[in-house]
Structure formats: C-alpha cells, structure tokens
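Structural description and commentary
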Amino acid sequence: MALTAETESRLYRSLRAVAGAAAHLVALGFPTAVAVLARPGSSLFSWHPLLMALAFSFLMTEALLMFSPEISLLRSFSRKVKVRVHWALQLLALLCALLGLGIITYNKHLNGKAHFVTWHGLTGLLTVLYATGQCAGGVLLLYPKLMKNWTLAKLKLYHATSGLVGYLLGCASLMLGMCSLWFTTSVTSVSWYLAMLCPLLTSLVIMNQVSNAYLYRKRSQH
C-alpha cells in the first residue's frame, strides 16, 4: 500500500527529529568519552584530543544546528539571537582548535618528533586554517555592504556551503585521529566502530540541513 504525500512528509519530519536528537547527544557524548579516555591534565598531549573533540564535535556541531528549523535548541528564539549564539560557538570552536593545534605542535617539538607528516596531522592543519578563514568570511555577513556585487542571500548561501566543507574537514580529521596509535590502543573492537559512527552521523544531519536550506531557497525563487 502506497504512502500518501502527507504520511511521507510526517515520516520524513519524524526521522529528521530522531536524527537531530541523536546528533545533539553525539555532539556532547563524543567529547565526553574522549575526556574520559584522554584524562586531561595527565600529560600535555592529553589536552589535544579533548580540545579538538570539543571544537569539531560539540561546539561546531551545535553552532550549525542552531539554524535548523526542527532541531535547533533555540528554535523559539529570534534569528538575531541565533546568529549571536552561532558566532559565540564558532569563535569558541576556533579557539579550542587553535589551542589544540598549538599544544600538539609544542608536544611534538618537546619530543623531537616531525610535524604534520601524517594524514591526520595534515588534515588537522588544513581544517584549522580553513576554520580561521571561515570565521573571517563570516564577518561579511555582518557587514554585507563590503561586498557590493553580492546580495545578502548569496553571501548566506556561500557561507553555509563553505561552512559545510569546513565541518566535513573537521569530521574527517577526527576520524583520522581515531586511526592513530593512541586511539586504537585504547579503543578496540565494537567500541572503535561506534566511535567512528559519531562524526558520520552528525555529518549526515548537517548535510541534510544545508541541502534543505538550498532547496528552500531555490523554491522561493520560483
């Protein structure tokens, strides 16, 4: 028996709500698990995985979900409030990422190890640089008159798209970090696969949110 359009729409919204709730739980649960594993303060290195997990799993995920019409934690607030919270979370994410990058660089220097020679290291460096540029680009949305030949709608679309690319880079860096000797020594078997699913889940939710925003914009133009 075929489903009606209304039933399909309700089912789709329900699935998005469930996936969104899971994304919020994963966004907080993953860095919490990393904190238990790394035991921050036990060594200089221990701060690196925690800061990066906070930056790209928790803070950046929540910053992007802030604009979801279904699963935002502040969906009843005005867009102005959401934008301010988004900015605050993104700046905190960037600060954590820069601190995490600085700590691992200094730690390798102290131990006489080469810098940025693994896929994880290279991807992590690219991600932090990209996130810095993305935050700087966000200033254009606050002062759109700086880009006279661009409409505010286009700036928002390109900022959301480039933000998605940066977020996926962050998730890729987290997943490569879970392939490191430090992580695979501590987390094995089913637990390792479950950990790898965390950034995959949040990535899918964020991609769905951005694609829906793009489709909504296309429909509104017709």
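Going along each chain's sequence as written, the residues are numbered from 1 onward. Confidence filtering applies because this is a predicted model: local features only for residues at pLDDT of at least 70, side-chain atom pairs given and counted only at 80 or more, and all residues used for totals across whole chains, interfaces and linings. Side-chain metrics in this entry use all non-hydrogen atoms of the structure; hydrogen atoms and water are not considered.

Operational definition: UniProt positions are given in the numbering used here, feature names are shortened, and annotations may be inferred rather than shown by experiment.
An unreviewed UniProt entry lists the protein under the name ascorbate ferrireductase (transmembrane), with Limosa lapponica baueri given as the organism. Taken verbatim from the UniProt record of the protein, the Cofactor (unreviewed entry) comment is "heme b". For the record of the protein, the UniProt heading Subcellular location (unreviewed entry) holds the text "Membrane".

1. A short note on unusual backbone geometry
The condition is simple: Where helices and strands are cited, they refer to DSSP runs of H or I of at least four residues and of E of at least two residues respectively, numbered from the N terminus. Relative accessible area decides the class of each residue, using a 1.4 Å probe on protein chains only: under 20% of the type maximum gives buried, over 50% gives exposed, and in between gives partly exposed.
You will see that F116, though not glycine, has its phi angle at about 50°, which is positive. Position of F116 among the secondary structure elements: in the loop between α3 (79-110) and α4 (119-142). Residues other than glycine seldom take positive phi values, yet S189 does so here, at roughly 55°. Position of S189 relative to the elements: it lies in helix α7 (residues 189-220). With relative accessibility at 52%, the residue S189 sits in the exposed group.

2. Side note on the packing of aromatic side chains
Here is the rule we go by: Planes of paired rings set the category: under 30 degrees apart is stacked, over 60 is edge-to-face and the rest tilted, where pairs are Phe, Tyr or Trp rings (Trp by its six-membered ring) whose centres lie within 6.5 Å.
Evaluation of the coordinates by the stated rule reveals three aromatic pairs. For the pair F45 and W182, a centre-to-centre distance of 5.5 Å together with 70° between the ring planes defines the contact as edge-to-face. Pair noted here: F45 is in the loop between α1 (5-38) and α2 (47-65) and W182 is in helix α6 (residues 181-186), with a separation of 137 residues, a long-range link. The class for F45 is partly exposed, based on a relative accessible area of 24%. When the ring of W182 is compared with that of F183, the centres are 6.0 Å apart and the planes differ by 55°; the resulting orientation is tilted. Residue classification places W182 among the partly exposed residues on the basis of a relative accessible area of 28%. Overall, the relative accessible area of 6% leaves F183 in the buried class.

3. A closer look at the UniProt feature "transmembrane region" (unreviewed entry) in the protein
When the UniProt feature table is mapped onto this chain numbering, "transmembrane region" (unreviewed entry) sits at residues 17-38, 44-67, 87-106, 118-143, 164-184 and 190-210. End-to-end, the C-alpha atoms of residues 44-67 are 36 Å apart, and along that stretch the chain is 79% helix and 0% strand.

4. Notes on the environment of L44
Inclusion rule: Here a residue-residue contact requires only that any non-hydrogen atoms of the pair lie within 4.5 Å.
Here L44 shows up in the loop between α1 and α2. Judged by its relative accessible area of 32%, L44 is partly exposed. Separated by 146 residues in the primary sequence, L44 and V190 place their C-alpha atoms 28 Å from one another. When sequence neighbours within four positions are dropped, the list of residues in contact with L44 reads I103, Y106, N107 and L110.

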